[in-house]
Amino acid sequence: MKRRAFSINWSNVLVVGSWFILIYMVLIILVYGAMLLLSLFQIRKSYQLDDYEPYEDLLHSEETKPVSILVPAYNESVGINSSIRSLLSIEYPEYEIIIINDGSKDDTLEKLIEKFKCQKINRVIRKQIVTKQVKAVYRSTIYTNLVVIDKENGGKADALNAGINCSSYPYFCSLDGDSIIERSAFLKVLKPIIESDDEVIASGGSIRIANGCKIENGEIVETGLSKKPLVIMQVVEYLRAFLTGRVGLSHNNLLLIVSGAFGVFSKKWVVEAGGYAHTVGEDMELVVRLHRLIKEKKVNKKIVYVPDPVCWTEAPESIKFLRRQRKRWHRGLFDSLWKHRKLMFNPKYGSIGLVSMPYFFFIEFLGPLIELIGYILLGVSVITGSIYIEYAIIFFLLSLIYGSIYSMASVLLEEWSMERYTKVRHFVALFFVSLTETLWYRPMTVLWRVEGMVEMLFGKKGWGEMVRKGVSND
Amino acid sequence: MEVTFLSLFMVFVVMLFILISIFLYLLTKKVANNQTRAKINQYKEAYRLDMFQFLQAGKAVSFGNFQDDQEKFIACKELLQEYANVIASEDMKERINDFAKDYLTSYIQKELKRRRWSLRMNALYLVEEFEMAHLTNELSRLYNKRKLGVLEKTQLLKLFALFDHAEIMDYLKNNTDDLSEFALMDILSVMTEARVEQLADGMNDLPMRFKYIVVEVIGKKQLIEYHPLLRNLIIESKEEIELKIRAFKAMVLLGMKLDSDIIEEALESEHWQLRMMAARLAGVHRLEVFKDKLISLLSDSEYAVRAEAAKAILTYKGGAKVLQRVVTESSDPFAKDMATEWLEKESVFY
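Residues numbered from 1 in each chain as written. Chains lettered and ligands numbered in written order. Predicted model: local features only at pLDDT ≥ 70, side-chain atom pairs only at ≥ 80, totals over all residues.

Participant: Now, about the overall build of chain A: what can you tell me, with residues and values included?
Facilitator: Per the secondary structure count, chain A includes 16 helices and twelve strands. A compact globule built from 474 residues would reach a C-alpha radius of gyration of about 23 Å, and chain A, at 23 Å, matches this within 12%. Principal axes of the C-alpha set define a box for chain A whose edges measure 85 × 50 × 45 Å. Here the analysis covers contacts within chain A between residues at least 6 apart in sequence; of these, 80% occur between residues at least 24 apart. (Helix = DSSP H or I, 4+ residues; strand = E, 2+ residues; numbered from the N terminus. Rg over C-alpha atoms; globule rule 2.2 N^0.38 Å. Contact = placed C-beta atoms within 7 Å.)

Here's what the structure looks like:
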């Protein structure tokens, strides 16, 4: 009988574990539900707002702040020219484009120099942030506001910092080399900054998926939807993340991510915060650091998200690259959270410390792990007998709710408040694919995110490489 | 356990049902909207030439019955808006405004009462675009009735300023604490000169925020008769640096000269904005007496100051030679860089 005392009662473990998981899931459902509701009325307010009038004055105003657009490029030879071409015709009074060639191994630099007829110039760079060495600076002879920096490879963060050092204007925008920005997006994303007398120090727009859109000369001519379920599912995911996640958070100054693909920052503040850090999720990490700086300085500055201006980007179309991307994102999330763990539950940092950080840690970061354990327990309980069949069904229903149901709701929210997909068949496709999320897509991404966690524990770093298709149809 | 399971199942079913209903509703709306939009676009293309000829020469339009049909009406409204955004001719602008007054007034009156913010804003933009001063009463009603957000309030005040509403000064003095300086600037820049002068004359009683803005507007609207006011502000503002900077900026815009000792003090100020403004002033008035000071400002820590200094030097006789000498003889890389940049720009023009 001595033996009994040492053996673990597995049956109890299963029961406790199951309840824990179910309660956690109910918690997630309530949190996501709250965010969805918060966003609901915020975005609908702007539905059908004229696309031109609110920005007409800004276009001609002297108060409109000049912006440096930083485009870090690494092996972007395929798509770089069309993206830059689209940048040259944006609707904005004064701006410069700084392309940072981060030691590309292909002919990215040569293509740029040739295409834009660049000449070497003697621009002196003020090293406000330490970066890898800049080898040369070129200026285009046909577009005088286009500059190309050639530097030693140092990673995206390093490239951006070099761009910041070289920039002349008080605001900068970081843009991925393969993204397409809508012409009016800059006015829209900068509007809160301009109109708030610099109270807003950073502003982010939405990312949408370009796959399936008709693109000409680096511009989205017609919105479209890919036919591949994997891509459609990603579109739904982005809608969910941006529309429900960010709108609600931004309204209350809880925003922790200004997406790396499209955001405008005050140079002064970013330099003071130390520039971008070399980490996998450098965009989020910078925003957390800015929030930290704001709180430590006890000033009333804000970071906002504007749902309307859109940056279109290429999404991975194969499982292989999607998996890589998701693992990397999850590692990046942890990196940022860990680096700023001091803020967690720290009242000194206000709602960022008490609400945002815990949300990102317990729900966004740990969520997949707990879900995975849930799936495992599900499998175990099915095997051990019908007593736990109810657990299995409850688990399944709950995951249907915060998976498929919420994604379907996001699709409907987008239709009701923004209506970017004008074709009926696209709307229908989005809705029905989102219905299936819980059955295949979600378990997959959960598994990959946990993989990312595991890899992190074993110290893997880096970005991996994605084979670029380029965002131009020409 | 059974209860939990059943109630959860019910929750799920209810949610699914609600979503599918909303989906079907949105779907039918979308199909209908797409058809309407296609029709509107068709009408727009059919009316485009007619509309243009009417605006250009007053030729009578052929689509006379458009008021009865929703889609035809929207087509006309949108065409009018499109033309209003691109047309510059006074005659055509007048015809546009008259057309809007005759046909769009009741539509806009209705839109101003809508619950959704974006629709009211669109209506307010139309009022601005078509200069519909006759709707002032409706605007007042809107202003007083609702709890207004910043953007809506700003747009309304801007319209009151544009149409020189009697209450505009009162509205500005009360209840504008939540408006940013940018918004106030927007409003004041469309005010009549008489009103701005009213504000300028009462400058001393204004709150600081308003002082900044009035000073800026004096500069923008070129109210030259107020340059003594600006000069006094520059001399007297010891601690209010921001006010001094703005007054300086306005002086530059007015194109008026300032006393040499004031400029000299500013060139050596610890505030870079003053150094920048002073350098600009030195350039605008070609005050060669400051040449040496400007050369040393080519090494200033602020990019904007260095740029103004270079620009100013170029306005002097032999300025290009001076910059050339900086390029060859200076030991400061920033000074050389700035001099080179401006020499390059100079050669582009010739």
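Participant: Quick one: what's the story with the sheet that holds strand S8 (residues 200–209) of chain A, residue by residue and with numbers?
Facilitator: Ordered by their spatial adjacency, ten strands build an open sheet running S3-S4-S5-S2-S1-S6-S11-S8-S12-S7 (chain A), and the pairing between neighbours is mixed. Only two strands of the sheet have a single neighbouring strand rather than two, namely strand S3 (118–121) and strand S7 (180–181) of chain A. (Pairing = 2+ DSSP bridges.)

Participant: Go over the nonpolar core with me, naming the residues and quoting the values.
Facilitator: The nonpolar side chains of soluble globular proteins are, as a tendency, buried together. In terms of nonpolar packing, the biggest core is built from 119 residues, with Val67(A), Ile69(A) and Leu430(A) touching the most fellow members. Looking at this core element by element, the count peaks at 13 residues for helix H14 (residues 389–417) of chain A. Among the nonpolar cores identified, the runner-up in size contains 81 residues, and Ala123(B), Val215(B), Ala278(B) and Val305(B) belong to it. (Core = buried A, V, L, I, M, F, W, Y, C linked by C-beta atoms within 7 Å. Buried ≥ 20, exposed ≤ 12 C-beta atoms within 10 Å, placed from the backbone.)

Participant: Describe the UniProt feature "transmembrane region" (unreviewed entry) in chain B, listing the residues and the values that go with them.
Facilitator: Following the UniProt record, one finds the feature "transmembrane region" (unreviewed entry) at residues 6–27 of chain B. The span residues 6–27 of chain B is 100% helix and 0% strand, and its two end C-alpha atoms sit 31 Å from each other. (UniProt positions renumbered as here; feature names shortened; annotations may be inferred.)

Participant: Explain the packing of helix H11 (residues 319–339) of chain A against helix H16 (residues 441–457) of chain A to me, and be specific about the residues and the numbers.
Facilitator: Residues and elements named next belong to chain A. H16 packs onto H11 with a crossing angle of 55° between their chain directions and a minimal axis gap of 8 Å. Here H16 runs oblique to H11, going by the angle between their axes. As for the relative orientation of H11 and H16, their crossing is right-handed in sense. Facing H11, whose interface residues are Arg323, Arg326, Lys327, Arg328, His330, Arg331 and Phe334, H16 presents Thr445, Trp448, Arg449, Glu451, Gly452, Met453, Glu455 and Met456. (Axes fitted to C-alpha atoms, helices over the stretch in contact; angles between N-to-C directions. Parallel < 35°, antiparallel > 145°, perpendicular 65-115°, else oblique. Left-handed = near helix turned anticlockwise from the far one by under 90°.)

Participant: Just give me the short version of unusual backbone geometry, but keep the residues and values in it.
Facilitator: All names here are of chain A. The backbone phi angle of Lys298 is positive, close to 55°, even though this residue is not glycine. With respect to the secondary-structure elements, Lys298 resides in the loop between helix H10 (282–297) and strand S12 (302–313). A positive phi angle, near 60°, is found at Phe345, a position not held by glycine. Along the chain, Phe345 falls in the loop between H11 and helix H12 (350–365).

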